[in-house]
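Observations on the three-dimensional arrangement
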Amino acid sequence: QGLAGIVATSNSVSDTASYTVTANPSAGITLDAANAGAAIARDQCVTISLGSGAASECGDLRVVPNLLLQKFPARSFAVDVPLEFAPKGDGEEAGLIVIGRRAASLGLRQTAGGLCLVYRADGRDALTVPVSSPSVRLGVCVGDGGRCRFTYAFDADADPAPIGAAFQAGECHWIGARVGLYCI
């Protein structure tokens with residue numbers, strides 16, 4: 001049992017409330033409203049993340065707050081990011097993401113078996129490769145029309161290698177696709 005703050009907004013309605021969250025293994029999770037009777041009419045779902053592994057469990061990086069993003073800066077462009085990964089525990093992950101209504105990412109994840117390079121598309125691990133170095137150069141080339149191709153290199157002087165299938169970026173709810181960094 002714990003407390004979770006929820007802020008929900010729509011075009012004309014805003015409500016902030018505290019809810020008691022109770023997890024019961026046999027009955028699931030229930031919410032008891034602290035301000036019962038308050039209702040917000042929305043056509044969108046609300047996602048509650050209660051722990052550091054929530055994004056890993058559902059696989060959808062669009063629901064995590066640990067994103068540093070910007071709108072696509074041009075019709076075609078390239079991003080190159082050096083990453084020094086220093087995880088403190090299993091399940092931690094950091095990398096580069098392209099996000100809209102769909103998302104794709106490339107990053108490093110700490111597992112019980114060691115470090116892995118992980119390419120994720122649409123909330124699923126599409127490719128996982130064990131690696132030994134916590135230093136990597138991640139990149140994404142975005143072509144005209146939003147066609148994205150992720151790349152990586154463990155040697156700073158090496159040409160980046162493509163990984164995974166090409167990904168078609170799409171707009172988000174009211175803005176275009178975004179690119180940036182994530183850490184979970």
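This write-up is about the structure you can find in this document. Values in this document were obtained by computation on a predicted structure and should not be read as measured data.

This part is about the pattern of salt bridges. Summed over all chains, the structure comprises seven salt bridges. Notably, a salt bridge pairs Glu93 with Arg120, separated by 3.1 Å at the nearest N-O pair. Separated by 27 residues along the polypeptide, Glu93 in strand 6 (residues 93-99) and Arg120 in strand 8 (residues 114-121) bring together distant segments of the chain. Both residues of the pair, Glu93 and Arg120, belong to the buried class.

Time to look at the side chain of Glu93. By relative accessible area, which is 0% here, Glu93 ends up buried. Here the side chain of Glu93 touches Arg109 through a polar contact of 2.8 Å, side chain to side chain. Looking at Glu93, its side chain comes within polar contact range of the side chain of Tyr182, at 2.6 Å.

Glancing now at the pairing of strand 6. Counting buried residues in strand 6 gives seven out of seven residues, a clear majority hidden from the surface. With antiparallel pairing between neighbouring strands as the criterion, strand 6 and strand 7 (residues 103-111) make up a hairpin whose turn holds three residues. By the bridge criterion, six bridges tie strand 6 to strand 14 (residues 178-183) in an arrangement that is antiparallel. Each residue of the ladder has a partner; that of Gly95, found in strand 14, is Tyr182.

Conventions used here
Residues numbered from 1 in each chain as written. Predicted model: local features only at pLDDT ≥ 70, side-chain atom pairs only at ≥ 80, totals over all residues. Heavy atoms only, no water. Salt bridge = Lys/Arg side-chain N within 4 Å of Asp/Glu carboxyl O. Helix = DSSP H or I, 4+ residues; strand = E, 2+ residues; numbered from the N terminus. Buried < 20%, exposed > 50% of the residue type's maximum accessible area, 1.4 Å probe, protein only. Polar contact = N/O pair within 3.5 Å; in protein donor to acceptor, adjacent residues only side chain to side chain. Pairing = 2+ DSSP bridges.

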